[in-house]
Amino acid sequence: MLVQILGAIDIIAGLILMFGINKFMPVEILGIIGIVLFLKSSLNLLRDLGSWIDVFAGIIFLLSISIKTPFFISIIIGLLILQKGVFSFMKY
């Protein structure tokens, strides 16, 4: 059950990054998503690639609060985190 919840968080974060919705979202929501992704990465203590993807996505979310992040970086990180979320649903 926890894996599906974390996977859903990944899918939502990936879609937000891919479609550029983070430019129109309130700052509080972007900050919460960024912090949640950092906390998710601490579950694995940065042992695998998935944790590193969470860290980079969290950085992108937190950076998008104050500065405009390049769109191609948002697309790449968004695709990676979306793929990670989909695979978490396929695993269980």
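Our subject is the structure that appears above.
The shown structure was predicted, so the numbers you read here are calculated from the model rather than taken from an experiment.

## Some details on the overall build of the protein chain
Then, in step 1: Regarding its fold elements, the protein chain presents four helices and zero strands.
Then, in step 2: Beginning at the N terminus, the succession of helices and strands in the protein chain can be written as α-α-α-α.
Then, in step 3: In terms of overall dimensions, the protein chain is globule-like: its C-alpha atoms have a radius of gyration of 12 Å, near the 12 Å expected for 92 residues.
Then, in step 4: Its C-alpha atoms give the protein chain principal-axis dimensions of roughly 35 × 20 × 20 Å.
Then, in step 5: The 92 residues of the protein chain split such that 37% are buried.
Then, in step 6: Taking as baseline every contact in the protein chain between residues at least 6 positions apart, the subset at least 24 positions apart corresponds to 73%.
Then, in step 7: For the protein chain, the accessible area works out to roughly 5,600 Å², and carbon and sulfur atoms hold 79% of it.
Then, in step 8: The averaged location of the 4 negative side-chain charges in the protein chain is 4 Å from the averaged location of its 6 positive side-chain charges.

## Focus: the environment of L82
Then, in step 1: You can see L82 is positioned in helix α4 (residues 71–91).
Then, in step 2: With residues up to four places along the chain from it excluded, the contact list for L82 reads D10, I11, G14, L15 and M18.

## Topic: the side chain of S88
Then, in step 1: Position of S88 relative to the elements: it lies in helix α4.
Then, in step 2: Its relative accessible area of 12% is what places S88 among the buried residues.
Then, in step 3: In contact with S88, other than residues within four places in its own chain, are V3 and G7.

## Focus: the side chain of D54
Then, in step 1: Summarising the element assignment, D54 is placed in helix α3 (residues 49–66).
Then, in step 2: Since its relative accessible area comes to 2%, D54 is described here as buried.

## Re α3
Each full turn of the α-helix corresponds to 3.6 residues, which orients residues three or four apart in the same direction.
Then, in step 1: The terminal C-alpha atoms of α3, which comprises 18 residues, lie 27 Å apart, in line with the 26 Å expected from a rise of 1.5 Å per residue.
Then, in step 2: Of the positions making up α3, those classed as buried are G50, S51, I53, D54, V55, A57, G58, I60, F61 and S64.

## Overview of the pattern of salt bridges
Between side chains of opposite charge, a pair can form as their charged atoms come close.
Then, in step 1: Summed over the entire model, instances satisfying the criterion amount to four salt bridges.
Then, in step 2: Between D10 and K40 there is a salt bridge, with its nearest N and O atoms 2.3 Å apart. Here D10, found in helix α1 (residues 2–18), pairs with K40, found in helix α2 (residues 27–43); they are 30 residues apart in sequence, far enough to count as distant.
Then, in step 3: Overall, the relative accessible area of 2% leaves D10 in the buried class.
Then, in step 4: Of the charged contacts in the structure, one is a salt bridge between K84 and D54, with a shortest N-O distance of 3.1 Å. With K84 in helix α4 and D54 in helix α3, the pair connects residues that are 30 residues apart, well separated along the chain.

Thresholds, definitions, all that
- Residues numbered from 1 in each chain as written.
- Predicted model: local features only at pLDDT ≥ 70, side-chain atom pairs only at ≥ 80, totals over all residues.
- Heavy atoms only, no water.
- Helix = DSSP H or I, 4+ residues; strand = E, 2+ residues; numbered from the N terminus.
- Rg over C-alpha atoms; globule rule 2.2 N^0.38 Å.
- Buried < 20%, exposed > 50% of the residue type's maximum accessible area, 1.4 Å probe, protein only.
- Contact = heavy atoms within 4.5 Å.
- Areas by Shrake-Rupley, 256 points an atom, 1.4 Å probe, with all protein chains shown as cover.
- Lys, Arg positive; Asp, Glu negative; His and termini not counted.
- Charge placed at Lys NZ, Arg CZ, Asp CG, Glu CD.
- Expected span 1.5 Å × (residues − 1).
- Salt bridge = Lys/Arg side-chain N within 4 Å of Asp/Glu carboxyl O.

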